[in-house]
Amino acid sequence: MSADFQPKPEHKFTFGLWTVGSSGRDQFATMDPTRASMSPVELVRLLAEVGAYGVNFHDNDLIPIDATPAEAEKIKKEFKAVLKETGLVVPMATTNLFSSAIFKDGAFTANDPKVRAYALQKTMRAMDLGAEFGAKVYVFWGGREGTESDATKNPMEGLKHFREALNFLCEYSNSQKYGFKFALEAKPNEPRGDIFLPTTGAMLGFIQTLDHPEMVGVNPEFAHEHMAGLNFMHAVAQAWDAGKLFHIDLNDQNYARFDQDWRFGQQSWKQAFFLVKFLEDVGYSGSRHFDAHAFRTEDYEGVKDFARGCMRSYLIFKEKARQFNADKEIQGLLAEINEGDPAMDKFFGKFTPEKAAGLKAYTFDRNAIAARGMKYEKLDQLLTELMMGVR
Ligand code: GCO
Ligand code: MN
Ligand code: MN
């Protein structure tokens, strides 16, 4: 048992520069920043101090959008040096296609072709930057791809433009031999009124319409599915089932609220537990990326508490999942619940006309079957007590 809950490189805990680097400004900019900005170099040192494995970035988290080539070179040199000094790696990179006002009507799906072309140019350059730092996963979060009024944009056009952009960028990655896997991140709304492809499930359907579906998977985010009132673990399971779980954004959020981006494990304990249990049970080996922010009440000591808390809670849930899998009473109940029925075996599996005829002719005692108590109350209470630490 790893009861010290200390993060280790094999846990693959990563943070974005924009997460621990958040200055505490809120979404509506109703309050000034509450923390002074830290440089990328300082943020990498902070992440190393708390025990993270890796750091991810948007192009402009590292290189300001208006930096001169000489400034960019200097920043890259310093960043490479601090990665070497600390041993942190860069598993994922992405593009900021949402901060500059040029993206007010979207990036790849903007109505203005100049904006769409600029978004492609910016992404190719950002892919070059990510590849230079060894990133293997490239995330696409289309925060501004959407509408406030459906009078303004035809969703069919939006999908077509998004598809063309991804097809182009897959070919670009191949032409440069970057070996990127693309991970599409869905969000239902914010900052747009409605964002195209609002859920992980929607992304999974869309991927099959691309020229290189094998290169493209998803980056589901806990908070985004919860904003839409959905079950995050179910979305992750569908992605895993499809072989498409290329990355994951962990954080926390009350259901059906605005984007909260809380510390992982802060609020939705059971959902977080089942998520961690799922990832560990199936053997997910990618990054556990925390896309969250410390409360704006915090100084940088509080930011460290936040980052440590994300990782520590993950490891505690992992330990609880191990206990769940080892608990005799729980496992006994599960075995009972999932008991097979040999008399039914002949009706399952591949279709044959005989099987269908046999099943159609069979008589079920519907009321007797329905009368069986499933013991789910007992099972769930056992889990609740295990999580509450009295088991
Ligand atoms: C959000 C998103 C972003 C993305 C990030 C990386 O709600 O703002 O989650 O944080 O994950 O842009 O693609
Ligand atoms: Mn988010
Ligand atoms: Mn995210």
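Figured I'd write up the structure that's included with this text. Only a predicted model underlies this, so the values are computations on that prediction, with no experimental measurement involved. (Residues numbered from 1 in each chain as written. Chains lettered and ligands numbered in written order. Predicted model: local features only at pLDDT ≥ 70, side-chain atom pairs only at ≥ 80, totals over all residues. Heavy atoms only, no water.)

**Focus: the overall build of the chain**
Summing up its helical and strand segments, the chain has 16 helices and 10 strands in all. The globule rule puts the C-alpha radius of gyration for 391 residues at 21 Å, and the 23 Å found for the chain is close to it. Based on the C-alpha atoms only, the size of the chain along its principal axes is roughly 80 × 50 × 40 Å. Within the span of the chain, comprising 391 residues, buried residues form 48% of the whole. Long-range pairs, those at least 24 residues apart, make up 77% of the contacts in the chain with a sequence separation of at least 6. Summed over its atoms, the accessible surface of the chain is roughly 19300 Å², and 55% of this surface lies on carbon and sulfur atoms. Side chains of the chain give 47 positive and 54 negative charges; the mean places of these two sets differ by 3 Å. (Helix = DSSP H or I, 4+ residues; strand = E, 2+ residues; numbered from the N terminus. Rg over C-alpha atoms; globule rule 2.2 N^0.38 Å. Buried < 20%, exposed > 50% of the residue type's maximum accessible area, 1.4 Å probe, protein only. Contact = heavy atoms within 4.5 Å. Areas by Shrake-Rupley, 256 points an atom, 1.4 Å probe, with all protein chains shown as cover. Lys, Arg positive; Asp, Glu negative; His and termini not counted. Charge placed at Lys NZ, Arg CZ, Asp CG, Glu CD.)

**Some remarks on the sheet that holds strand β9 (residues 249-250)**
Overall, parallel pairing links the 8 strands, which are arranged β8-β6-β4-β3-β2-β1-β10-β9 in an open sheet. Bordering the open sheet on either side are β8 (216-218) and β9, each of which pairs with just one other strand. The pairing of strand β4 (residues 137-141) with strand β6 (residues 181-185) spans 5 bridges and is classified as parallel. Residue pairing for β6: Val137 is matched across the bridge by Lys181. Strands in contact with helix α5 (residues 113-132) are β2 (54-58), β3 (92-94), β4 and β6; relative to β4, the strand with the most contacts, it is inclined by about 145°. Sheet contacts for helix α6 (residues 155-176): β4, β6 and β8; angle to β6, the most-contacted strand, approximately 150°. (Pairing = 2+ DSSP bridges. Axes fitted to C-alpha atoms, helices over the stretch in contact; angles between N-to-C directions.)

**Let's talk about the pairing of β6**
Across the 5 residues of β6, 4 count as buried, placing the element largely inside the fold. The pairing of β6 with β8 spans 3 bridges and is parallel. Considered in β8, the bridge of Leu184 is made with Val218.

Fair warning: the whole summary comes from geometry, so function is off the table for now.
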